[in-house]
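# Survey of secondary and tertiary structure
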Amino acid sequence: MIKITLPDGAVKEFEAGVSAMDVAKSISEGLARKVLAAAINGQVWDAARPINEDASLQLLTWNDNEGKTTFWHSSAHLLAEALEFYYPGVKFGYGPPGEKGFYYDVDLGDQTLKEEDLAKLEKKMMELAKTNEVFERKEITKADAVKYFTEKGDQYKLEIIDRLNDGEITFYTQGGFTDLCRGPHIPNTGFIKAIKLTNIAGAYWLNDEKNKMLTRIYGVTFPNAKELEEHMVLLEEAKKRDHRKLGKELELFAFSEKVGMGLPLWLPKGAMLRERLQQFLQKAQMDSGYLPVITPHIGHKNLYVTSGHYEKYGKDSFQPIKTPQEGEEFFLKPMNCPHHCEIYKTSPRSYKDLPLRLAEFGTVYRYEQHGELHGLTRVRGFTQDDAHLFCMPNQVKDEFKKVIDLVLYVFNSLSFTDYTAQISLRDKVDRSKYIGTDENWDLAEQAIIEASAEKGLKTVIEYGEAAFYGPKLDFMVRDAIGRKWQLGTIQVDYNLPERFDLTYIGEDNAKHRPVMVHRAPFGSMERFIAVLIEHCAGKFPLWLAPTQVKILPISDKFLPYAENLLSQLKNADIRAEIDDRNEKIGKKIRDTELAKVPLMLVLGEKEVNENKVAIRRQGKGDLGVTTIPEFIEMVNEEVKSKRAFE
Ligand SMILES: [Zn+2]
Ligand SMILES: [Zn+2]
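First things first, this report covers the structure right here in the doc. As the structure is a prediction and not an experimental result, all values here were calculated from the model.

## Quick notes on the coordination of the zinc ion (ligand 1)
Here the zinc ion (ligand 1) is held by H73 (NE2), H77 (NE2), C181 (SG) and H185 (NE2), and the distances to it run 1.9 to 2.3 Å. Viewed at the metal, the four donor atoms of the zinc ion (ligand 1) are separated by angles of 93 to 131 degrees, and the geometry they form is tetrahedral. Sequence positions of the donors to the zinc ion (ligand 1) reduce to the motif H-x3-H-x103-C-x3-H. For the pair C181 and H185, a shared accessibility class is recorded, and that class is buried.

## Observations regarding the packing of helix α17 (residues 559–571) against helix α20 (residues 628–641)
In the contact formed by α17 and α20, the axes pass within 11 Å of each other and the chain directions differ by 40 degrees. Our classification of the angle between α17 and α20 gives oblique. For the pair α17 and α20, the sense of crossing is right-handed. Contact residues: Y561, L565, Q568 and L569 in α17; I628, F631 and I632 in α20.

## Observations concerning α20
Note: α-helices contain 3.6 residues per turn, so residues at a spacing of three or four share the same orientation. End to end, α20 covers 20 Å across 14 residues, agreeing with the expected 20 Å (1.5 Å per residue, within 8%). Those residues of α20 that fall on the buried side of the exposure criterion are I628, F631, I632, V635 and E638. The arc enclosing the buried residues of α20, seen along the axis, measures out at 135 degrees, which places them on a common side. Seen from the buried face of α20, the exposed residues on the opposite side, beyond 90 degrees, are P629, E633 and K640. Among the structural elements, β29 (549–553), α17, β31 (599–603), β32 (612–617) and β33 (621–627) are those in contact with the buried residues of α20. You can read the cap of α20 off the contacts: a side-chain oxygen lies 3.2 Å from the backbone nitrogen of E630, and it is on T627. Count one or two residues on from α20 and you reach K642, which has phi positive near 50 degrees.

## Here we look at the coordination of the zinc ion (ligand 2)
For the zinc ion (ligand 2), the full set of protein donor atoms is C337 (SG), H388 (NE2) and H518 (ND1), at a range of 2.0 to 2.4 Å. Mapped onto the sequence, the residues coordinating the zinc ion (ligand 2) show the spacing C-x50-H-x129-H. Separated by 181 residues along the polypeptide, C337 in helix α12 (residues 337–344) and H518 in strand β28 (residues 515–520) bring together distant segments of the chain. Accessibility assignment for this pair places C337 and H518 in one class, buried.

## A short note on the pairing of β33
Consecutive side chains of a regular strand alternate in pointing toward one face of the sheet and then the other. In the sheet, β32 pairs with β33 via six bridges, with the strands oriented antiparallel. In the sheet register, V613 faces β33, and the bridge partner there is T626. Count of turn residues in the β32/β33 antiparallel hairpin: three residues, of which G619 carries a positive phi of about 75 degrees.

## Regarding the sheet that holds strand β3 (residues 37–40)
Read across the open sheet, the five strands follow the order β2-β1-β5-β3-β4; overall the sheet is mixed. Two strands close off the open sheet at either side, each with one partner strand: β2 (11–14) and β4 (43–45). Neighbour-to-neighbour, the strand axes of the sheet open up by a mean angle of 35 degrees, direction not taken into account. As paired strands, strand β1 (residues 2–5) and strand β5 (residues 55–60) are joined by two bridges and run parallel to one another. Counted as the bridge partner of I4 is A55 from β5. Contacting β2, β3 and β5, helix α1 (residues 20–27) crosses the sheet at an angle of about 75 degrees to β5.

## Topic: the packing of helix α9 (residues 268–287) against helix α13 (residues 396–413)
Taken N-terminus to C-terminus, the directions of α9 and α13 make an angle of 145 degrees; their axes are 11 Å apart at the nearest point. Between α9 and α13 the crossing geometry is right-handed. Within the contact between the two elements, α9 uses F280, L281, A284 and Q285 and α13 uses L406, Y409, V410 and S413.

## Quick word on the side chain of T547
In this structure, T547 sits in the loop between α16 (525–536) and β29. Looking at T547, the relative accessible area reads 7%, which means it is buried. Engagement of the side chain of T547 in a polar contact is seen with the side chain of E577, the distance being 3.3 Å. Excluding residues within four positions of it along the chain, T547 makes contact with K269, R575, E577, V597 and P598.

## Points about the pattern of salt bridges
Think of it this way: side chains of opposite charge can pair up when their charged atoms draw near. Counted by the stated rule, this structure contains 46 salt bridges. Here E577 and K269 are joined by a salt bridge, their closest N and O atoms 3.0 Å apart. A residue pair is termed long-range when its members are at least 10 positions apart, and E577 in strand β30 (residues 576–578) and K269 in helix α9 qualify at 308 residues. Note on E577: relative accessible area 26%, which makes it partly exposed. When the shortest N-O distance is used, the salt bridge between E498 and R513 registers 3.4 Å. Of this pair, E498 sits in helix α15 (residues 495–499) while R513 sits in the loop between β27 (511–512) and β28, and the two are 15 residues apart along the sequence. A residue is classified by how much of its surface remains accessible, and E498, at 43% relative accessible area, is partly exposed. Sharing partners across several salt bridges, the network here consists of K397, K401, E450 and E454.

## What to know about the layout of surface pockets
Empty pockets left among the atoms are what a rolling probe the size of a water molecule brings to light. Quantified by volume, the second largest pocket comes out at close to 1,300 Å³. Lining the second largest pocket are 43 residues; nearest its centre among them are K312, Y313, M335, R366 and Q384. With six residues, the top contributor of residues to the lining of the second largest pocket is strand β25 (residues 484–493).

The rules behind the values
- Residues numbered from 1 in each chain as written.
- Chains lettered and ligands numbered in written order.
- Predicted model: local features only at pLDDT ≥ 70, side-chain atom pairs only at ≥ 80, totals over all residues.
- Heavy atoms only, no water.
- Donors = N, O, S within 2.8 Å, 3.2 Å for Na, K, Ca; no water.
- Tetrahedral: all angles 85-135°; square planar, octahedral: opposite > 155°, others 65-115°.
- Buried < 20%, exposed > 50% of the residue type's maximum accessible area, 1.4 Å probe, protein only.
- Axes fitted to C-alpha atoms, helices over the stretch in contact; angles between N-to-C directions.
- Helix = DSSP H or I, 4+ residues; strand = E, 2+ residues; numbered from the N terminus.
- Parallel < 35°, antiparallel > 145°, perpendicular 65-115°, else oblique.
- Left-handed = near helix turned anticlockwise from the far one by under 90°.
- Contact = heavy atoms within 4.5 Å.
- Expected span 1.5 Å × (residues − 1).
- Arc of directions from axis to C-beta.
- Polar contact = N/O pair within 3.5 Å; in protein donor to acceptor, adjacent residues only side chain to side chain.
- Pairing = 2+ DSSP bridges.
- Salt bridge = Lys/Arg side-chain N within 4 Å of Asp/Glu carboxyl O.
- 1 Å grid on protein atoms, 1.4 Å probe; cavity = no way out; pocket = protein on both sides within 12 Å on 5 of 7 lines; lining within 4 Å.
- Points joined across faces, edges and corners; volume = space filled by probe spheres on them.

On their own, these measurements won't tell you what the molecule is for.
See below:
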């Protein structure tokens, strides 16, 4: 007999060889029908796999992330089976699950696959799913695995096998399809009740531009039709909110192949929006004791050799900038931290100077492959709302609390109301890879946990997710349509103070090493603005809107009044424009609505005679007639309160 410990702590005895599915059935048949996989001692296994020793067991269903991942990964196998039916000889690369769905990279040889072929693949998948094909796991020797895929003629799988060790190779078979896979999988294909293949893209094998371009087929599946329907509605909504589309329509930013892909060009309206955000954070940071610094866009090679970034980015990023001086090399800055370390070193520091908080909106450059570039979310040059806090070990907790306050202030001001935080700590067992003393790590880890708890954050703790140089806290927000984005990060660092030999004189008159904390509430201006655009669908709150007010004279004869009104608004720091086109008022209103300008002032005979304005709100319509001073007062009040646009 073996002992199985359930999540609630209950311990049950079973014969050795029992499966998670058997355990589920012993609890209830209803539960067993929902089980997709199980976490055995924290590792996700097939529900049917025999358990031979005492173990902890957690049943995984559609409600668990690992349950969904297993479901989608299994769906990728189903897609492969359908592909093999229609495209005999197709070769398979990787077919992993993702955030929402799965994909499979395939080499179709000289056969082609078009969007319109996806429907017949979906139909075939559905047909196969209904036959309840069981996913069978089989351990196989490396030699046999090589033999199988050599006969099949799939060089991609052979390349993958080549990197695996004998004894760790498994095959999974469902119906007539066998794949090299470490699993796990759902019990059978019958769980898959709704299928949508969403799109086709190109992807280099192993993500390397030198390799062949494979066909990537994306899909998503669900255990019921209703969830698929909801998902499709959400996809439609996401398309409307796509920041690349809105960025173009609202004239916020552009890209030019001539300037270089992945290097955003901020247009006047986008630059205005970005400057507002920057000023907003700068003000909050000044209030929290940050000091501004500015550093150059390039740095000497030696700087990055010292920081370790040369090793990390040197070969795989932008190549050195040479000078007429033989052997002299500069690099585009991949990170601001090394520069800030050098600023720390410009004068001797004492414990009385700490914490020292150096802030910079610093632009950095990192090479990304062409295929990885995506609007403002994956770029080759971006500006971090960076700051580095240099403090004593016992100040880490207070600094975290202050940064959490700042991050929450940012979120609340931009109506991100649904957020969680992840605390990444050391591995519980293997601590060999971490730099810094155990004592300092314990202190910092405890500090992050306590600071998060005292600030009332909803957190998850992930062991083994810390960087080798320190623990960290990451914020995830859910946007208006429920998608998750990773935004701000707070990262403790024991490495750079060591590498740059940073010190301070303590109260004991001896030299000590400060702790460095990297933090960026936005992450980067580019990425944050992309998320913000999608979150508010381009309808920015009044305090951020590049154009806050559009003045719409009904006819040319009211233009002098409009000009006068414009200068009054400008004097009151309100960003306004006049629509002086020779168009009908109806069209002017429609166009302004589409441009998502929050406020419109319609000027006709009556308004001009009474020295008033008729206000319209984007998406809301008529708000009535008021005097100009009252209108200015209303705008200023809303801007000051940073009220989100309802
Ligand atoms: Zn698999
Ligand atoms: Zn940093």
